[in-house]
Amino acid sequence: MWVDPAKQWAECMGAAIGQFEVVVTELPRAVPARDVRQVATVARRCDGVLVVLADQPHAALAADVVFEANGSTWSTVGSGYLASQEMRVALRGRRVAQPHVFPLVLGASCTDDS
Amino acid sequence: MSASRVAVVRLSVPDGRIMHRLAQALVEVTPFIEVIDECQILLPMRGPTRYFGGEEAVASRVRSVALAITAIATTDGDVSVGVGGSRLTAQIAAQSGGSGVAKVTIIPGDQQSTFLERQSVGVLERFAHVRPDTVSLLFRLGLGTLGAIAAVERDVLVDRFGPEGGDIHVLCSGGDLLEPFTEPLPTQCFVESHHDEVLGHVDPVVAAAGELVGRVVDHLGSRGLVASRLIATFTTEHDESCSRVWYHPNGFAVAGLTERLRWQIESWLGEGLTAGVSHMSIDVQNTRPYHAVQLGLWGEHGAADRAAWAAIGRLASLVGDNVRVPEWWGGRDPMHEFALVPAARVELRDPDVVRQRVMPGAVRPDRWTGALAGMVPPVCIAPRREVQVLDADGRPVVVTGRHLFSTSPEWVVDGATRLRITACFGPWPVEERWWDTSRQRRMARMQCVVESAAKHTAAYLLVLEKRSWWMVGEYG
């Protein structure tokens, strides 16, 4: 589902959090800090997972778990085309007892079947 | 025979506003009309035929009423009327009426079989909501016309297609699954809502109507039924009201019925009422068994499903059609394989329909020649951004007629940012609809891995079209 946040980001988040198992959102730049805090409060009260896509963590949205992807490398099929992407994902946060880094491969199932 | 004869009024150009005015005007001819869709209205002929003195007189009256509406007159009377012994017959007759001038096509009862038997089986999908895969299978079985299907024994079709086979046989034999609506029946299910704070705008009224629809569907669904015909009525605080009969041969799902009510509400509120809506009701007149939904293991949809549907309803009342869900479209353009379509306009509760909507190959083909091989960029750059691709000497790189780079690409210039190409793949030419000068498209694609001045690595999908390079996707 895609929702254009415009000026109704907080209202939309209030309607979605707790009703869907996973809610993914970008943080609009102009959203007031008060709205962010309200959404964070609702998210803590409800079941489900809230994923916030952002370059920098927001002060009001203290995430339990932070995924940070770094160091992408691409592999190819021969010299033909990009077939998969491997990156290193760092996992940290206040609910992570031991921060660690693991590899993540995207698109590995894409093979040349021609 | 005359008991089930019907007329269908058809606009060649769909227009919800004109249809609403037409529906209101046709109530002069008969009080019980059904709006089939945004360009067709159905009228039972029994009462009007007796009153006006024959089918020709009724059809002529209907035509004059339609032409009396200013908006229709300005479109050069682009309306046709079909009369027949069943909905399907009347719809086909109205369709064959042509455009340009108003036309009337009456299929007499004794000619109906002859008229139907030569019709292609494709009309079942177009007018009777028979599923495309069923129509395709009928073709492959050699049953290409309605006459060929009618000649097959009904039991044989039921054995092969289940209850749908029986319905198809009835339609092809000139019958109707449900008689036209001529008088209100005892209600099968009645829901209503009163609003002390009147609703003056479309979205809140539609949201409230959507809740009523959900109650109807849940109530009937618990009994294994679905509403096939109902009366939806909206009333303002000043007692202005708008009532419509809605019919669907397969029964209404939430999205389909809510969409129809949205049209009814938008058209009605657009008239400029003197007060907001204070009461609304749905009176289910006819039901049919619900074959489509595969219920959960314990016989019902899960609580998570119901919570998600309710949330979508609330979000739609906030941001309208900006609540969207994915739909597989396929094609050669990797950035448009999936489209986002308004959630209110698609079926969300039927798992088979949902699966068909998102699964490549279920309805539209999943494999396209010329499609991008390998990874599809997960990030779509919309609108696409114009960039420059340069060689080591700073000259623009193009793709030759032999589908080769003119020189080796070394740089991508994205505005003020200069990115060094560390690896590139392609070019892959694509030429679409070369036979159609207005829609033809010719381009070449290239994947490239680039490195910024800060040693940050990224990969992009670029397209060369009309001598310009465009950045369309990012392997983020």
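Every value quoted in this text rests on a predicted model; they were computed, and no experiment measured them.

**Some remarks on the interface of chain A and chain B**
Step number 1: Across the boundary between the two partners, chain A contributes 27 residues, which contact 26 residues of chain B.
Step number 2: When chain A packs against chain B, the two sides together hide about 2200 Å² of surface, and 70% of this comes from carbon and sulfur.
Step number 3: Summed over the shared surface of chain A and chain B, the number is zero salt bridges.
Step number 4: On inspection of chain A and its partner chain B, the count reaches one residue pair in polar contact (both at pLDDT 80 or more).
Step number 5: Of all elements in the fold, only α1 (9-16), β3 (66-77) and β4 (81-92) of chain A reach the threshold of two or more residues within the side of chain A that touches chain B.
Step number 6: Residues that form the side of chain A that touches chain B fall into these classes: 14 nonpolar, nine polar and four charged.

**Observations concerning the pattern of salt bridges**
Step number 1: A full pass over the atoms with the stated rule returns 18 salt bridges over all chains.
Step number 2: For Arg94 of chain A, the salt bridge identified is with Asp64 of chain A, shortest N-O distance 3.0 Å. On the criterion of sequence distance, the pair formed by Arg94 of chain A in the loop between β4 and β5 (100-106) and Asp64 of chain A in the loop between β2 (49-53) and β3 is long-range, its members being 30 residues apart.
Step number 3: When its relative accessible area of 53% is taken as the criterion, Arg94 of chain A is described as exposed.
Step number 4: The partner of Arg385 of chain B in a salt bridge is Asp414 of chain B, and the shortest N-O contact between them spans 2.9 Å. You can see Arg385 of chain B sitting in strand β12 (residues 379-390) and its partner Asp414 of chain B sitting in strand β13 (residues 411-414), a full 29 residues away along the chain.

**Concerning the confidence of the model for chain A**
Residues and elements named next belong to chain A.
Step number 1: Averaged over every residue, the pLDDT of chain A is 78; the share at 70 or more is 86%.
Step number 2: Mean pLDDT across the secondary structure elements of chain A bottoms out at β3, with 81, and peaks at strand β1 (residues 22-26), with 88.
Step number 3: Predicted confidence for residues 110-114 stays below pLDDT 50, and this span has seven contacts to residues more than four positions away or in other chains.

**Some details on the sheet that holds β5 of chain A**
Residue and element names in this part refer to chain A.
Step number 1: The antiparallel open sheet is built from three strands, whose spatial order is β3-β4-β5. Edge positions in the open sheet fall to β3 and β5, since each of these has one partner strand only. The average undirected angle you get between the axes of adjacent strands in this sheet is 20 degrees.
Step number 2: Sheet analysis places β4 next to β5, joined by seven bridges and oriented antiparallel. Along β5, the bridge assignment pairs Ala90 with Val101.

**Comments concerning the packing of α1 of chain A against helix α2 (residues 33-45) of chain A**
Residues and elements named next belong to chain A.
Step number 1: Running from N to C, α1 and α2 point in directions that differ by 0 degrees, and their axes come no closer than 10 Å. Compared by their axis directions, α1 and α2 come out roughly parallel. Contacts from Trp9, Ala10 and Met13 in α1 reach Asp35, Val36 and Val39 in α2.
Step number 2: The residue inventory of the contact of α1 with α2, partitioned by class, reads five nonpolar, no polar and one charged.

**A closer look at helix α8 (residues 132-140) of chain B**
All names here are of chain B.
Step number 1: Among the residues of α8, those classed as buried are Thr134, Val135, Leu137 and Leu138. For α8, the angular spread of buried residues about the axis comes to 160 degrees, placing them on one side.
Step number 2: Along its buried surface, α8 packs onto α7 (122-128), α9 (146-150), α10 (154-161) and α11 (163-172).
Step number 3: Positive backbone phi, approximately 85 degrees, marks Gly142, located one or two places after α8.

**Section: the packing of aromatic side chains**
Where two aromatic rings form a pair, the distance of their centres and the angle of their planes describe that pair.
Residue and element names in this part refer to chain B.
Step number 1: Applying the stated criterion to the full structure yields four aromatic pairs over all chains.
Step number 2: Ring centres of Tyr51 and Phe52 lie 5.0 Å apart, and the angle between their planes is 80 degrees; on these two criteria the pair is classed as edge-to-face.
Step number 3: Overall, Tyr51 belongs to the exposed group, its relative accessible area being 68%.
Step number 4: We classify Phe52 as partly exposed; its relative accessible area is 24%.
Step number 5: The cationic tip of Arg160 hangs over the ring face of Phe161; the distance from NZ or CZ to the ring centre is 5.5 Å.

Calculation criteria
- Residues numbered from 1 in each chain as written.
- Chains lettered and ligands numbered in written order.
- Predicted model: local features only at pLDDT ≥ 70, side-chain atom pairs only at ≥ 80, totals over all residues.
- Heavy atoms only, no water.
- Contact = heavy atoms within 4.5 Å.
- Buried area = accessible area lost by both parts, 1.4 Å probe.
- Salt bridge = Lys/Arg side-chain N within 4 Å of Asp/Glu carboxyl O.
- Polar contact = N/O pair within 3.5 Å; in protein donor to acceptor, adjacent residues only side chain to side chain.
- Helix = DSSP H or I, 4+ residues; strand = E, 2+ residues; numbered from the N terminus.
- Nonpolar A, V, L, I, M, F, W, Y, C, P; charged D, E, K, R; others polar.
- Buried < 20%, exposed > 50% of the residue type's maximum accessible area, 1.4 Å probe, protein only.
- pLDDT = per-residue confidence, 0-100.
- Pairing = 2+ DSSP bridges.
- Axes fitted to C-alpha atoms, helices over the stretch in contact; angles between N-to-C directions.
- Parallel < 35°, antiparallel > 145°, perpendicular 65-115°, else oblique.
- Arc of directions from axis to C-beta.
- Phe/Tyr/Trp six-rings, centres within 6.5 Å; stacked < 30°, edge-to-face > 60°.
- Lys NZ or Arg CZ within 6 Å of the ring centre and 35° of its normal.

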